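Close look at the chain arrangement
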Amino acid sequence: MKSFYLTDAGRVRSHNEDSVTILKNANNEYLLMVADGMGGHRAGEVASSMAVTHFGKRFTSTSSVGSKLDAVNWLTDNTNEINKKILDYAEENPDSKGLGTTLVLALLTKEFLIFGNIGDSSGFVLKNKKLHKITHDHTLVNLLVQAGDLTEEEAKFHPKKNVLMKALGASEKVELDIFAVETDIEGILLCSDGLTNMLTNEQIEKVLEDNLEIEEKIIKLIRKSNARGGTDNISVAYLTMKERGENL
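The structure displayed is predicted, hence computed values, not measured ones.

1. Looking at the nonpolar core
- The biggest cluster of nonpolar side chains holds 26 residues, and the ones touching the most others in it are Leu-31, Phe-55, Leu-103 and Leu-168.
- Elements that contribute at least two residues to this core include exactly strand S3 (30–38), helix H1 (43–60), helix H2 (68–92), strand S5 (103–108) and strand S6 (113–118).
- For this core, the element with the highest residue contribution is H1, accounting for seven residues.
- Ignoring sequence-local partners within four residues, the contact set of Leu-103 consists of Met-33, Val-34, Ala-35, Phe-55, Gly-116, Asn-117, Ile-118 and Leu-168.
- By size, the runner-up hydrophobic cluster in this structure holds 20 residues, among which are Phe-115, Ile-134, Ile-185 and Leu-239.

2. Comments concerning the sheet that holds strand S8 (residues 130–133)
- Spatially, S1-S11-S10-S7-S8 is the arrangement adopted by the five strands of the open sheet, whose pairing is antiparallel. The open sheet has two edge strands with one neighbour each: strand S1 (2–8) and S8. Neighbour-to-neighbour, the strand axes of the sheet open up by a mean angle of 20 degrees, direction not taken into account.
- Where helix H6 (residues 201–208) meets the sheet, its contacts fall on strand S7 (122–127), S8, strand S10 (187–191) and strand S11 (234–240), and the angle it forms with S8 comes to roughly 130 degrees.
- Sheet strands in contact with helix H7 (residues 214–227) are S1 and S11, and its direction is about 25 degrees off that of S1.

3. Here we look at the packing of aromatic side chains
- Taken as a whole and judged by the stated rule, the model has two aromatic pairs.
- Taking the centre distance of 5.8 Å and the plane angle of 70 degrees together, the rings of Phe-55 and Trp-74 count as edge-to-face. Of this pair, Phe-55 sits in helix H1 while Trp-74 sits in helix H2, and the two are 19 residues apart along the sequence. Across this residue pair, the class does not change: Phe-55 and Trp-74 are buried.
- Feature note: the residues Phe-55, Phe-59 and Trp-74 constitute an aromatic cluster, connected by ring pairs.

4. What to know about H7
- For H7, with 14 residues, the first-to-last C-alpha span of 20 Å sits near the 20 Å given by 1.5 Å per residue.
- Within the span of H7, buried status applies to Ile-214, Lys-217, Ile-218, Leu-221, Ile-222, Ser-225 and Asn-226.
- In this fold, the buried residues of H7 make contact with S1, helix H5 (193–196), H6 and S11.
- Gly-229, located one to two residues past H7, shows a positive phi value of around 135 degrees.

Rules of the game
- Residues numbered from 1 in each chain as written.
- Predicted model: local features only at pLDDT ≥ 70, side-chain atom pairs only at ≥ 80, totals over all residues.
- Heavy atoms only, no water.
- Core = buried A, V, L, I, M, F, W, Y, C linked by side-chain atoms within 4.5 Å.
- Buried < 20%, exposed > 50% of the residue type's maximum accessible area, 1.4 Å probe, protein only.
- Helix = DSSP H or I, 4+ residues; strand = E, 2+ residues; numbered from the N terminus.
- Contact = heavy atoms within 4.5 Å.
- Pairing = 2+ DSSP bridges.
- Axes fitted to C-alpha atoms, helices over the stretch in contact; angles between N-to-C directions.
- Phe/Tyr/Trp six-rings, centres within 6.5 Å; stacked < 30°, edge-to-face > 60°.
- Expected span 1.5 Å × (residues − 1).

See below:
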């Protein structure tokens with residue numbers, strides 16, 4: 001396996017509110033995370049960093065997340081813990097009122113693969129050279145699409161397409177959507193909406209299938225996003241199950 005992650009401020013935003021990482025624990029289990037922060041006075045980057053740091057410390061300090069049920073409980077418990085930490089931080093720092101963050105993560109072990117998300121950062125698997133989105137965006141327009149009030153094409157250009165219905169730090173009770181996925185895949189891709197708002201799935205697939213090293217692929221994705229406007233921070237975490245000439 002090979003993995004790489006990268007974040008970029010983009011061409012419009014004055015600073016980067018995203019946080020991203022890929023970690024491996026003592027049992028060779030992987031945790032990939034992307035968080036897209038929000039809030040004034042640089043509070044967004046505080047919230048996203050708090051989420052990624054909290055999960056990261058918990059993950060690397062345990063030798064294994066255990067069974068699939070254990071892992072689901074671990075994700076749920078830590079989601080509740082970090083949500084409370086973000087709410088407490090906002091209360092103690094009035095300038096940070098309104099801070100919060102999306103979170104998408106993937107937890108890969110020898111036995112299973114689990115995705116979790118809250119907000120509109122996305123989780124995909126690459127299978128048969130095609131990207132398949134696993135997570136569901138917690139946005140106003142996505143609710144309208146599901147209700148049949150908007151088409152997917154209309155949603156792409158809706159003026160309120162970035163209005164979130166869920167985020168860490170947005171309310172006292174949060175629920176991480178959790179998805180169990182088969183491990184018979186070629187890769188795992190997590191990203192903030194700075195990537196998916198600029199590039200189509202087909203454009204992302206084309207880069208991932210390029211005859212390039214994994215680092216070059218991610219750099220190319222970010223460059224392409226910036227070339228198309230770079231209107232938001234761009235973060236990508238990518239893990240390949242098998243690279244050229246590599247044995248699993």
